[in-house]
Amino acid sequence: MAANPSSLLILHPRLNVYLKPFVLSLPYFSSPSLSFNGARRFLIPRPPFPISPRNLSSLSSTSVAQSTGENGGGGGRSGALSPPPITEFVQKIDVNPPKGTRDFPPEEMRLRNWLFHNFREVSRLFGFEEVDFPVLESEALFIRKSGEEIRDQLYCFEDRGNRRVALRPELTPSLARLVIQKGKSVSLPLKWFGIGQCWRYERMTRGRRREHYQWNMDIIGVPEVTAEAELISSIVTFFKRIGITASDVGFKVSSRKVLQEVLRCYSIPENLFSKVCIIIDKIEKIPLDEIKKELKSTGVSEEGVEELLQVLSIKSLAKLEEILGSAGEAVADLKQLFSLAEKFGYSEWIEFDASVVRGLAYYTGIVFEGFDREGKLRAICGGGRYDRLLSTFGGDDLPACGFGFGDAVIVELLKEKGLVPELSLQVENIVCALDVDLQGAAARVASILREKGQSVDLVLESKPLKWVFKRAARINAYRLILVGSSEWQRGMVSVKILSSGEQYEVKLDELE
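Since we're looking at a predicted model, the values are computed, not measured.

Rules and cut-offs
Residues numbered from 1 in each chain as written. Predicted model: local features only at pLDDT ≥ 70, side-chain atom pairs only at ≥ 80, totals over all residues. Heavy atoms only, no water. Helix = DSSP H or I, 4+ residues; strand = E, 2+ residues; numbered from the N terminus. Buried < 20%, exposed > 50% of the residue type's maximum accessible area, 1.4 Å probe, protein only. Contact = heavy atoms within 4.5 Å. Patch = residues over 30% accessible without salt bridge, like charges linked within 9 Å, V, L, I, M, F, W, Y side chains within 5 Å. Areas by Shrake-Rupley, 256 points an atom, 1.4 Å probe, with all protein chains shown as cover. Salt bridge = Lys/Arg side-chain N within 4 Å of Asp/Glu carboxyl O. Pairing = 2+ DSSP bridges. Axes fitted to C-alpha atoms, helices over the stretch in contact; angles between N-to-C directions. Parallel < 35°, antiparallel > 145°, perpendicular 65-115°, else oblique. Nonpolar A, V, L, I, M, F, W, Y, C, P; charged D, E, K, R; others polar. Left-handed = near helix turned anticlockwise from the far one by under 90°.

(A) Representation of the overall build of the protein within the structure. When helices and strands are counted, the protein shows 16 helices and 18 strands. Going through the 512 residues of the protein one by one, you find that 45% of them count as buried. Across the protein, contacts joining residues at least 24 apart in sequence account for 65% of those joining residues at least 6 apart.

Next comes the structure, spelled out in structure tokens:
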């Protein structure tokens, strides 16, 4: 007969809170197929799935007390009775990372670590100290420094304290903030470097992602061009370390002062300087007609546009000197830089290109970009002088210069040149117990070696020796240490040098 919900009785009042709603929630509780125990008037539905005692074992005295208002007497384990959720359909999650970002599985992580090691090693060779900053910064830090045009490229939002924040698109503003914070507690010059994750929402191309890592080197407190020459030398040193030559990569060098002098020569208003720099920075990215159109839209006359583009097409420092003369700072700075390049030994790496201005608003002097000579990739790195950045944030200006070097483009270049190194996993020891009862002994051997600074892959399960040898080959283990019963009883282990096949026994306290 059909069960009447109002007549449902549960023997134990504490369970009534849980069983009654559960039973009533079943869509078939009023079905004629239900059996009914009239003696105890207890509803026993025939479920469409088997019920195991395990389903009723998750009772918690705390849950019962909270739901029933009781304190839950007795010292036994009890709890809320709730059926496992029945999900008809579970949508599979997208296993790819967000667009423009990357995963780093072990093989990619080994390459990243190798690259970062070379960044750090070059920085050490040049006497730089490492710093780091928060990935999350105030949005104003970047807009004030780079101009409003950066806003469209920021990952920015309002936090729960109603503060406008952003994921950093670069490291230089954070560096400036830290220098101001430190004030006179640090002695000049500062030679700092950092390797940090940066975020920039922009169109993706080969070697350009929305999330990347950047190596920065900055010199604070040196007004002379020797600072820029030192920075370029450090990048050249890095390239040489990883197998890149001057026939693969070069540096285009110019100065923001060139553009300032050209603007003055052709009576172009000084207040257009920043806008003109941003447009000129696009010369190799968009058609020349578009460049002209954008320059005219800023207020530059048609004659001024033509004269400006003519000067910016100059690729010879001597030709620039003919036009601007030798008295100006721009030509003097550039001549000194090229002279220093000869002294440092990298003159074959650099060339003058008046069109290089760098798009960021804060550069004030020498600017440079690293490029691949085949022209297949975007700029590899870039930097320059930014003597007036600190006052942008309310600090006292200090002479400064630096560069940013992304991790993505250089990896593409290494692939292009066939220079990506073979970076296999490498472990010094693999330790295996030959008997299940000796797992603890094997763990002791592993601990002894790890305390001596050696890497150990401990076989955690009972595996046949064939599997162990395959594992050793995969991780490039130098030696295999076997813990056998007879050897262990004598306080010894068996050691096999995998490259030569040499095998011997050694006392545990002599194992090194």
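Further notes follow.
(B) Structural context of a nonpolar patch on the surface. A grouping of Leu-434, Leu-465 and Phe-469 is seen on the molecular surface, where their side chains present a nonpolar patch of about 250 Å² in accessible area. Mapping Leu-465 onto the fold places it in helix H15 (residues 465–474). Look at Leu-465 and you get partly exposed, because its relative accessible area is 37%.

(C) Highlighting unusual backbone geometry. Across the junction of Leu-188 and Pro-189, the peptide omega takes the value 0°, indicating a cis bond. Within the secondary structure, Pro-189 sits in the loop between helix H5 (172–182) and strand E7 (190–199). For Asn-162, which is not glycine, the phi torsion reads 60° and is therefore positive. Mapped onto the fold, Asn-162 is located in the loop between strand E5 (155–158) and strand E6 (164–167).

(D) Region of the structure containing the sheet that holds strand E16 (residues 479–483). The strand order E15-E14-E16-E17-E18 describes an open sheet built from five strands, whose pairing is mixed. Across the chains shown, the open sheet's two edge strands, defined by having one partner strand only, are strand E15 (456–458) and strand E18 (503–507). Averaged over neighbouring strand pairs, the angle between their axes works out to 25° when direction is ignored. Where strand E14 (residues 429–433) and E16 come together, five bridges link them in parallel fashion. For Ala-433, the partnering residue across the bridge sits in E16 and is Val-483. Of the strands in this sheet, E14, E15, E16 and strand E17 (492–497) touch helix H14 (residues 439–451), which is tilted by about 170° from E15. Here H15 sits on the sheet in contact with E14, E15, E16 and E17, set at roughly 165° to E14.

(E) Here's a closer look at the pattern of salt bridges. Evaluated as defined, the whole model comprises 24 salt bridges. In this structure, Lys-257 and Glu-329 form a salt bridge, with 2.9 Å as the shortest nitrogen-oxygen distance. Taken together, the residues Lys-257 in helix H7 (residues 256–265) and Glu-329 in helix H12 (residues 329–344) connect sequence positions 72 residues apart. A relative accessible area of 19% places Lys-257 in the buried class. Note that Arg-385 and Asp-387 form a salt bridge whose closest N and O atoms lie 2.8 Å from each other. For Arg-385, a relative accessible area of 4% translates into the label buried. Through salt bridges that share partners, Asp-248, Glu-374, Lys-376, Glu-416 and Lys-417 make up one connected network.

(F) View of the packing of helix H3 (residues 106–125) against helix H13 (residues 407–416). At a minimum axis separation of 12 Å, H3 and H13 run at an interaxial angle of 105°. Taken together, the axis directions place H3 and H13 in an arrangement best described as roughly perpendicular. Contacts from Leu-111, Trp-114, Leu-115 and Phe-116 in H3 reach Asp-407, Ile-410, Val-411 and Leu-414 in H13. Broken down by class, the residue content of the contact of H3 with H13 amounts to seven nonpolar, no polar and one charged.

(G) Region of interest: the packing of helix H11 (residues 317–324) against H12. For the pair H11 and H12, the least separation of the axes is 11 Å and the interaxial angle reads 160°. The angle between H11 and H12 places the two elements in the roughly antiparallel class. As H11 runs across H12, the sense of the crossing is left-handed. Facing Leu-317, Leu-320, Glu-321 and Leu-324 of H11, the residues of H12 in contact are Val-331, Leu-334, Lys-335 and Phe-338. Its residues placed into classes, the contact of H11 with H12 shows six nonpolar, no polar and two charged.

Scope: geometric values only; no functional claims are made or implied.
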